[in-house]
Amino acid sequence: MRSDRIMQSKIYRLFDYVLRLVLLNVLIVVPSFSLFIIYSAINKSGNNHLTFLLLIPMFLWLFPSIVATTDVIRQYENKETNTIFKDFFKSIKKLYLKSFIISIFVYLGIGLFWNSLSFFLNNATKGSLYIICFIITASFAMAFVLVLSQIPLVMCYFKKMGILQILKLSFIFAFKNIGINLIIAFCILGFGFIDAITTYAMALGGFSLPIYIMVKLSFKQYIRIYRKVEENEN
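Quick summary incoming for the structure in this document.

Reading the values: rules and limits
Residues numbered from 1 in each chain as written. Predicted model: local features only at pLDDT ≥ 70, side-chain atom pairs only at ≥ 80, totals over all residues. Heavy atoms only, no water. Helix = DSSP H or I, 4+ residues; strand = E, 2+ residues; numbered from the N terminus. Rg over C-alpha atoms; globule rule 2.2 N^0.38 Å. Buried < 20%, exposed > 50% of the residue type's maximum accessible area, 1.4 Å probe, protein only. Contact = heavy atoms within 4.5 Å. Patch = residues over 30% accessible without salt bridge, like charges linked within 9 Å, V, L, I, M, F, W, Y side chains within 5 Å. Areas by Shrake-Rupley, 256 points an atom, 1.4 Å probe, with all protein chains shown as cover. Salt bridge = Lys/Arg side-chain N within 4 Å of Asp/Glu carboxyl O. Lys, Arg positive; Asp, Glu negative; His and termini not counted. Charge placed at Lys NZ, Arg CZ, Asp CG, Glu CD. Core = buried A, V, L, I, M, F, W, Y, C linked by side-chain atoms within 4.5 Å. Axes fitted to C-alpha atoms, helices over the stretch in contact; angles between N-to-C directions. Parallel < 35°, antiparallel > 145°, perpendicular 65-115°, else oblique. Left-handed = near helix turned anticlockwise from the far one by under 90°. Nonpolar A, V, L, I, M, F, W, Y, C, P; charged D, E, K, R; others polar. Expected span 1.5 Å × (residues − 1). Arc of directions from axis to C-beta.

## Observations concerning the overall build of the protein chain
No. 1: Looking only at helices and strands, the protein chain features ten helices and zero strands.
No. 2: Overall, the protein chain shows an N-to-C arrangement of helices and strands of α-α-α-α-α-α-α-α-α-α.
No. 3: Radius of gyration (C-alpha) of the protein chain: 20 Å, near the 17 Å computed for a compact globule of 234 residues.
No. 4: Principal axes of the C-alpha set define a box for the protein chain whose edges measure 70 × 45 × 30 Å.
No. 5: Within the span of the protein chain, comprising 234 residues, buried residues form 39% of the whole.
No. 6: At a minimum sequence separation of 6, the contacts of the protein chain that also span at least 24 residues come to 73%.

What follows is the structure, given as structure tokens:
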């Protein structure tokens, strides 16, 4: 009786949810970065091209696992499941191909914006044209982040959609509730910066925590449409 009371307490549920987020984060980080982190720690020179080859698991796993984690947390919030590993790998299996194809465009976009922003920023002292180009590029980069933050959500709530439909709907949702979506975007950028400078934060909750915030803030917006779609299908 006492154990049942403890399990129903708010503190127990909080720690239980935190543990779930940590485990989901491990499912993202370990397959994606473990080889790269271990080899980088051993090879202090950092000149070996093998270092970059060890990022291949990241390209194959990172974005699909982020989508799967989003789906599991979405199911938690909608009280559809109470498990971790089973639903995570079920989501990976169902959404991997689409999420991997979309991830190619995501990585290309990140690379292009990063190079452009770095170029204009490094040449900002050479004239006002570079500053104007930097501001314009930064604006497009922020719009890219807004759309990017919606892609995992759209994929998880509307699993039967094709890739083009996912991208179109993500663009629409990105600018629908702009205030909330800007908070989500800055949250993703903030955690991304923290993950880049410390592996400890990345390992503990650098991915699952911003995903949780993203799902939580956007839940009311998506769940209404999701339930309507479910009713029409039934």
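Now, onward.
## What about a positive patch on the surface?
No. 1: A surface patch of positive charge is lined by K176, K220, R224 and K228.
No. 2: Mapping K228 onto the fold places it in helix α10 (residues 208-233).

## Quick notes on the nonpolar core
The tendency in soluble globular proteins is for nonpolar side chains to be buried side by side.
No. 1: By size, the foremost hydrophobic cluster in this structure holds 44 residues, and its most contacted members are L24, F88, Y157 and F207.
No. 2: Listing elements by their share of this core, those giving two or more residues are α2 (10-42), α4 (56-77), α5 (85-122), α6 (128-157), α7 (163-174) and α10.
No. 3: Tallying contributions element by element places α4 first for this core, with ten residues.
No. 4: Apart from the residues lying within four places of it in its own chain, the contact partners of Y157 are R74, F219, Y222, I223 and Y226.

## Looking at the packing of α5 against α6
No. 1: Two elements in contact, α5 and α6, have axes whose closest approach is 9 Å; the angle formed by their N-to-C orientations is 165°. With respect to their mutual orientation, α5 and α6 come out roughly antiparallel. By crossing handedness, the relation of α5 to α6 is classed as left-handed.
No. 2: The residue makeup of the contact of α5 with α6, split by class, is 19 nonpolar, four polar and one charged.

## Remarks on the environment of P57
No. 1: For P57, the location among the structural elements is in helix α4.
No. 2: According to the relative accessible area criterion, P57 is partly exposed, its value standing at 23%.
No. 3: Measuring from C-alpha to C-alpha, the distance between P57 and S32 comes to 5.2 Å, with 25 residues separating the pair along the chain.
No. 4: Dropping the residues within four chain positions of it, P57 is found in contact with P31, S32, L35 and L62.

## Side note on the packing of α4 against α5
No. 1: Running from N to C, α4 and α5 cross one another at 130°; their axes reach a closest spacing of 7 Å. If you check the angle between α4 and α5, you find them oblique. Relative to α5, α4 is oriented so that their crossing is right-handed.
No. 2: Looking at the contact of α4 with α5 residue by residue, the classes come out as 19 nonpolar, six polar and two charged.

## Comments concerning α7
No. 1: Along its twelve residues, α7 runs 16 Å from first to last C-alpha, staying within 8% of the 16 Å computed at 1.5 Å per residue.
No. 2: Buried within α7 we find I166, L169, S170, F173 and A174. Projected down its long axis, α7 carries its buried residues within an arc of 135°, all on one side. Opposite the buried face of α7, by more than 90 degrees, sit the exposed residues L164, K168, F171 and I172.

## Structural notes on unusual backbone geometry
Working note: non-glycine residues mostly have negative phi, and peptide bonds are mostly trans.
No. 1: With phi around 55°, K79 is a residue other than glycine that occupies positive phi space.
No. 2: With respect to the element layout, K79 can be found in the loop between α4 and α5.
No. 3: Judged by relative accessible area, K79 falls into the exposed class, the value being 75%.

## Some details on a nonpolar patch on the surface
No. 1: A surface patch of nonpolar side chains, about 490 Å² in accessible area, is lined by L97, I101, I104, F105 and L108.
No. 2: By the secondary structure assignment, I101 is in helix α5.

In short, the description is geometric, and any link to function would need to be established separately.
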